[in-house]
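Residue-level listing of the chains:
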Amino acid sequence: CLQSWKMASSSRAQVFVEGPFSSKIVALDPSTGLADLKDAIARETGIPAEIQRITCGGKALSQSTLMGELDNSTVVVALRVLGGGGDGGSIPGRMDLVKTAKTHTWWMKEATREDPSFQMSAPWTMCSLTNEKLAQPVYADQMGHLYNKEALLKYIVGDEKKAHFTHIKAMRDAVEVKITVSKAKSEPGDHPLGWVCPVTGKPVNGKRRFYVVWGCGCLVSKEAVNQLGSKNCPRCTRELDPELKELVMMTPPVDEMKAQYQQMKTRNAVLKERRKAAKRLKKANKAKAKADPETKSAMAPP
């Protein structure tokens, strides 16, 4: 996992982080160490540095590891058990995991060691910016993160910017998610808020892949897309724009984040060019109307 590297003061090491939260990208100075990486993760997730166990390629990282060695690598964060149990550790409780009451464990009575259910469900239940409970209206970005609207607005207008959210500069960089909520009685394995696929009825619990359709914001499962095809939105039947590749994978695994990031850049470039073309057309129409009085009168409202 560790890569050879050459120190460059002008560049920053980019590390892909996976764990019991939405997948993240952390950018740090290549000369910083493991402690700095843990601090960065703690700031973004609320998980204290002292209970983070970070591995790369299945091997635990040493304190002497520099971020330059991890550039473009994927690391995995697990919750390190605290001492006190007969096996050399104990299950961390709520207050062991976080420093504030508003956390990613809001719906769990207790967290188990690297609990698979927690690992899969957490990105679907908490705001990626604040770790607070998601409440509609919920917004999604092109990297598959979910946000509460208020938190997203505060981030956009605020001065503090987080490394892996630099792609969000305005509300147009996110879309309001149209969520289908089941009225059926909740069962084990269901989403804590009752979210389901509108086509298959399957719960949004991290076990299945889901997309947000970028043009309309509909949340649909991959199964629904496979059943109904990708030419129209499975929920609202709107025709999809093939140039934009509107199906945005939600909470993608780390090994797919790089491809999703490139897809986001391509989509944004297309949208930017369309906005420019629309402005040029509007400007040309105004100039034409100004030069031709008859055209101007024809364009005027009755």
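Quick summary incoming for the structure in this document. None of the values given here were measured: they were computed from a predicted structure.

### Section: the overall build of the protein
Then step 1. Within the protein, the regular secondary structure consists of 7 helices and 13 strands.
Then step 2. Within the protein, the proportion of its 302 residues that are buried is 42%.
Then step 3. Put simply, of all contacts in the protein between residues at least 6 apart along the chain, 55% involve residues at least 24 apart.
Then step 4. Here the protein has roughly 16,300 Å² of accessible surface; of this, 52% comes from carbon and sulfur atoms.

### Remarks on the side chain of Gln142
Then step 1. In this structure, Gln142 sits in the loop between strand S6 (138-141) and strand S7 (146-148).
Then step 2. With a relative accessible area of 2%, Gln142 lands in the buried category.
Then step 3. With residues near it in sequence (within four places) discarded, Gln142 still touches Asp173, Trp214, Val248, Gln260, Met264, Arg267 and Asn268.

### Brief notes about the sheet that holds S7
Then step 1. Pairing within the open sheet is antiparallel, and its 3 strands lie in the order S7-S6-S8. At either margin of the open sheet sits one strand with a lone partner, and together these are S7 and strand S8 (174-176). When the angles between neighbouring strand axes are averaged without regard to direction, this sheet yields 35°.
Then step 2. Pairing geometry for S6 and S8, over 3 bridges, is antiparallel. If you follow Tyr139 over to S8, its bridge partner there is Glu176.

### Regarding helix H6 (residues 257-291)
Then step 1. The terminal C-alpha atoms of H6 lie 51 Å apart, and with 35 residues this matches the ideal 51 Å at 1.5 Å per residue to within 8%.
Then step 2. Regarding H6, the residues found buried are Met257, Gln260, Met264, Arg267, Val270 and Ala289.

### Describing the packing of aromatic side chains
Two aromatic rings are characterised by how far apart their centres lie and by the angle between their planes.
Then step 1. Applying the stated criterion across every chain, the model contains 3 aromatic pairs.
Then step 2. A centroid spacing of 5.9 Å and a plane angle of 70° characterise the contact between Trp124 and Phe210, whose relative ring orientation is edge-to-face. Placement of the pair is Trp124 in helix H3 (residues 116-125) and Phe210 in strand S11 (residues 210-213), with a sequence separation of 86 residues.
Then step 3. The exposure class assigned to Phe210 is buried, which follows from its relative accessible area of 0%.
Then step 4. Both rings, one in Tyr155 and one in Phe165, keep their centres 6.2 Å apart while their planes meet at 70°; by these two values the pair is edge-to-face. Of this pair, Tyr155 sits in helix H4 (residues 149-157) while Phe165 sits in the loop between H4 and S8; the two residues are 10 residues apart in sequence, bridging distant segments of the chain.
Then step 5. Relative accessible area serves as the criterion here: at 7%, Tyr155 is assigned to the buried category.
Then step 6. The class for Phe165 is buried, based on a relative accessible area of 0%.
Then step 7. What links up through ring pairs into an aromatic cluster is the set Tyr147, Tyr155 and Phe165.

### Some remarks on a positive patch on the surface
Then step 1. On the surface, a cluster of positive charge is contributed by Arg172, Lys272, Arg275, Lys276 and Lys279.
Then step 2. Taking relative accessible area as the criterion, Arg275 reaches 33% and is therefore assigned partly exposed.

### Digging into unusual backbone geometry
Then step 1. For the peptide bond that leads from Gln136 to Pro137, omega is 5°, which places it in the cis range.
Then step 2. Checked against the element boundaries, Pro137 lands in the loop between H3 and S6.
Then step 3. In the Ramachandran plot, Asn131 falls in the positive-phi region, its phi being about 65° despite a non-glycine side chain.
Then step 4. Although it is not a glycine, Thr251 sits at a positive phi angle of roughly 40°.
Then step 5. Mapped onto the secondary structure, Thr251 falls in the loop between strand S13 (247-249) and H6.

### Some points on the sheet that holds strand S5 (residues 74-79)
Then step 1. Overall, mixed pairing links the 5 strands, which are arranged S2-S1-S5-S3-S4 in an open sheet. Both edges of this open sheet fall to strand S2 (21-28) and strand S4 (59-60), since each of them pairs with a single strand only.
Then step 2. Two elements, strand S1 (residues 13-19) and S5, share 3 bridges in a ladder whose sense is parallel. Pairing of Phe16 across the sheet is with Thr74, part of S5.
Then step 3. Each of S1, S2, strand S3 (52-56) and S5 touches helix H1 (residues 34-45); the most contacted strand, S2, lies at about 135° to it.

### Remarks on the pairing of S1
Then step 1. The buried fraction of S1 amounts to 5 of the 7 residues, a majority that puts the element mostly inside the structure.
Then step 2. Judged from the 6 bridges that link them, S1 and S2 form a sheet pairing that is antiparallel. Residue Val15 lies in a different strand from S2, and its bridge partner there is Val26.
Then step 3. Here S1 folds back onto S2, and the loop between the two strands holds 1 residue.

Rules of the game
Residues numbered from 1 in each chain as written. Predicted model: local features only at pLDDT ≥ 70, side-chain atom pairs only at ≥ 80, totals over all residues. Heavy atoms only, no water. Helix = DSSP H or I, 4+ residues; strand = E, 2+ residues; numbered from the N terminus. Buried < 20%, exposed > 50% of the residue type's maximum accessible area, 1.4 Å probe, protein only. Contact = heavy atoms within 4.5 Å. Areas by Shrake-Rupley, 256 points an atom, 1.4 Å probe, with all protein chains shown as cover. Pairing = 2+ DSSP bridges. Axes fitted to C-alpha atoms, helices over the stretch in contact; angles between N-to-C directions. Expected span 1.5 Å × (residues − 1). Phe/Tyr/Trp six-rings, centres within 6.5 Å; stacked < 30°, edge-to-face > 60°. Patch = residues over 30% accessible without salt bridge, like charges linked within 9 Å, V, L, I, M, F, W, Y side chains within 5 Å. Salt bridge = Lys/Arg side-chain N within 4 Å of Asp/Glu carboxyl O. Lys, Arg positive; Asp, Glu negative; His and termini not counted. Charge placed at Lys NZ, Arg CZ, Asp CG, Glu CD.

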